[in-house]
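# Coordinate analysis (summary)
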Amino acid sequence: MMTTRRLSFTKPLTMLLTSLIALAAVRPSAVRAQTDGTYEQLTQRAVSEVNVGNFEEGHALFLRAHELAPNARTWRGLGLCAFELRSYVEATADLESALVDPNKPLTAEQRTQTRELLERARAFVSRYRVRVTPSSAQVLVDGKPVTLTKGILGLDPGPHVVLVRARGHAEQRLELRVGAGVEDELNIELAATDPSRDGEPVVAGSDSASPQGSSLEQLRSPSDIRSKPRPKRRRVWTWTLAVSTVSAAAVAVGLRLRVNGLHDQFVACSQQRPDCSPLSQSGQDALLGARISGAVAGALAIGSIFAFAYEGSGAGEKGTAQLAVGPDRVMLRGTF
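Throughout what follows, the structure given in this document is the object of discussion.

### Observations regarding the overall build of the chain
- Of the regular secondary structure elements, the chain holds nine helices and twelve strands.
- The buried share of the chain, taken over its 336 residues, is 29%.
- As presented, the chain carries roughly 22,400 Å² of accessible surface, and 57% of it is formed by carbon and sulfur atoms.

### So, the nonpolar core
- Tyr128, Leu155, Val162, Val164 and Leu176 are the most contacted members of the largest nonpolar core, which totals 17 residues.
- Residue assignment for this core shows that the elements contributing at least two residues are strand E1 (126-133), strand E2 (138-141), strand E4 (152-155), strand E5 (158-165), strand E6 (172-178) and strand E7 (183-189).
- Those residues in contact with leucine 155 that lie beyond four places of it in its chain are Val89, Phe124, Val125, Ser126, Tyr128, Val141, His160, Leu176 and Val178.
- Counting residues in hydrophobic clusters, the runner-up holds 13 residues, among them Phe83, Leu117, Ala121 and Val125.

### Structural notes on the packing of aromatic side chains
- Overall, the coordinates contain two aromatic pairs when judged by the stated rule.
- Look at phenylalanine 83 and tyrosine 88: their rings are 5.5 Å apart centre to centre, the planes differ by 75°, and that puts the pair in the edge-to-face class. Accessibility assignment for this pair places phenylalanine 83 and tyrosine 88 in one class, buried.
- An aromatic cluster is defined as three or more aromatic residues linked by ring pairs; in this entry it consists of Phe83, Tyr88 and Phe124.

### Here we look at helix H3 (residues 39-51)
- Taking 1.5 Å of rise per residue, 13 residues should cover 18 Å, and H3 covers 18 Å from first to last C-alpha, within 8% of that figure.
- Two residues or fewer past H3, glycine 53 is found with a positive phi of approximately 90°.

### Some thoughts on unusual backbone geometry
- Residue proline 134 follows threonine 133 across a cis peptide bond; omega there is 5°.
- Inspection of the secondary structure puts proline 134 in the loop between E1 and E2.
- In the Ramachandran plot, aspartate 142 falls in the positive-phi region, its phi being about 55° despite a non-glycine side chain.
- Along the polypeptide, aspartate 142 turns up in the loop between E2 and strand E3 (144-145).
- Aspartate 142 sits in the partly exposed class, given a relative accessible area of 42%.
- At lysine 150, a residue that is not glycine, the phi angle is positive and equals roughly 55°.
- Turning to its location among the elements, lysine 150 is positioned in the loop between E3 and E4.

### Quick look at the side chain of histidine 160
- Position of histidine 160 among the secondary structure elements: in strand E5.
- Judged by relative accessible area, which is 11%, histidine 160 ranks as buried.
- A distance of 2.9 Å separates the side chain of histidine 160 from the side chain of aspartate 142, its partner in a polar contact.
- Excluding residues within four positions of it along the chain, histidine 160 makes contact with Val141, Asp142, Leu155, Leu174, Glu175, Leu176 and Val178.

### Examining the packing of helix H5 (residues 72-84) against helix H6 (residues 88-100)
- The geometry of H5 relative to H6 is characterised by a closest axis approach of 8 Å and an angle of 160° between their N-to-C directions. With respect to H6, the element H5 is oriented roughly antiparallel. Our pair here, H5 against H6, has a crossing hand that is left-handed. Every residue of H6 that contacts H5 at Ala72, Trp75, Arg76, Leu78, Gly79, Leu80, Ala82 and Phe83 is listed here: Tyr88, Glu90, Ala91, Asp94, Leu95, Ser97 and Ala98.
- Looking at side-chain class alone, the contact of H5 with H6 contains ten nonpolar, two polar and three charged residues.

### Observations regarding the environment of phenylalanine 62
- Tracing the chain through its elements places phenylalanine 62 in helix H4 (residues 55-68).
- The spatial distance from the C-alpha of phenylalanine 62 to the C-alpha of tyrosine 39 is 9.2 Å, given a sequence separation of 23 residues.
- Ignoring any residue separated from it by four or fewer positions in sequence, one finds phenylalanine 62 in contact with Ala46, Val47, Val50, Thr74, Gly77, Leu78 and Cys81.

### Details of the sheet that holds E2
- The strand order across the open sheet built from four strands is E3-E2-E5-E6, with neighbouring strands paired in antiparallel fashion. Both outer strands of the open sheet, E3 and E6, are each paired with one neighbouring strand and no more.
- Pairing between E2 and E3: two bridges, direction antiparallel. Across the sheet, residue valine 141 finds its bridge partner in E3, namely lysine 144.

### Description of the pairing of E1
- Burial along E1 is one-sided: Ser126, Tyr128, Val130 and Val132 are buried, and none of Arg127, Arg129, Arg131 and Thr133, which face the opposite way, are.
- Pairing geometry for E1 and E4, over four bridges, is antiparallel. In the strand pairing of E4, serine 126 is matched with leucine 155.
- Both E1 and E7 contribute to a ladder of seven bridges, which runs parallel.

### Comments concerning the sheet that holds E4
- What the three strands build is an open sheet, ordered E4-E1-E7; its pairing is mixed. Each end of this open sheet is capped by a strand with a single partner; those strands are E4 and E7. Direction aside, the axes of adjacent strands within the sheet are offset by 30° on average.

Reading the values: rules and limits
- Residues numbered from 1 in each chain as written.
- Predicted model: local features only at pLDDT ≥ 70, side-chain atom pairs only at ≥ 80, totals over all residues.
- Heavy atoms only, no water.
- Helix = DSSP H or I, 4+ residues; strand = E, 2+ residues; numbered from the N terminus.
- Buried < 20%, exposed > 50% of the residue type's maximum accessible area, 1.4 Å probe, protein only.
- Areas by Shrake-Rupley, 256 points an atom, 1.4 Å probe, with all protein chains shown as cover.
- Core = buried A, V, L, I, M, F, W, Y, C linked by side-chain atoms within 4.5 Å.
- Contact = heavy atoms within 4.5 Å.
- Phe/Tyr/Trp six-rings, centres within 6.5 Å; stacked < 30°, edge-to-face > 60°.
- Expected span 1.5 Å × (residues − 1).
- Polar contact = N/O pair within 3.5 Å; in protein donor to acceptor, adjacent residues only side chain to side chain.
- Axes fitted to C-alpha atoms, helices over the stretch in contact; angles between N-to-C directions.
- Parallel < 35°, antiparallel > 145°, perpendicular 65-115°, else oblique.
- Left-handed = near helix turned anticlockwise from the far one by under 90°.
- Nonpolar A, V, L, I, M, F, W, Y, C, P; charged D, E, K, R; others polar.
- Pairing = 2+ DSSP bridges.

Shape descriptors only; they carry no functional weight alone.
Below is the structure:
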């Protein structure tokens, strides 16, 4: 009797344990396939969405099918959708995987089409050779960490924000507007921070060991352009030419008024005497002088305009300099 009771008690327990083990052995992908559809259903829906131009929906469905059974066909579908969505970096990686994945390999025609699409995607990808100091720094593009392959950073055309940060260093933020198929370099050196100064960047040459320390301007954006303070300029040539212009114009106006006066005197003289040649000669001389003075005033006015532009730009001024930082170079312009 005792044996019979023990068997009747353990039988339900054995069945329960068997059921739990069977449920645990079920693959998560199988459960997901029952809720989201089978691989064939997902791929068919993905192809239907792509055929009507719904590439975002097609990409999502190809991704779910790829999670169930990753293979060359799903890589190809993901790459096609990414290309149409203008995510050329992602499309390049997906299409390269489609060509090498041994699962459900592509047909000869599909491989040809995939290679052609891959070449088109690569033409839009811009590649930057990145050199970062320290080498342990983390690089983020648009808020997402990226892994540099052989020091190369691939970017899609358009605006991007590159953030570089490392422990014990001040982070740098670069705003890039990337074209298509650009090949360039990014040299980024992070400044070490001083813990005693609440993470303030340590400036080389600013300590007591260097009596003539230099100030460091850290530019966060490559589009920033900052100039060193300049002494107050005196527009010597501008004012000189401007005063000369006014003087020459005043002489021209005065001579013109004299010509008018002599003309009236010549008319009155002609009515009284036959010979008024002295007045005629004086009028001609005054008219010639007015024309010459007017021409000189015009030339001086043009010269004052050029002087104003020249002195305003700081050209020719000793010690003026301008620091410009771009995505690929640091340039110092000016005369010394």
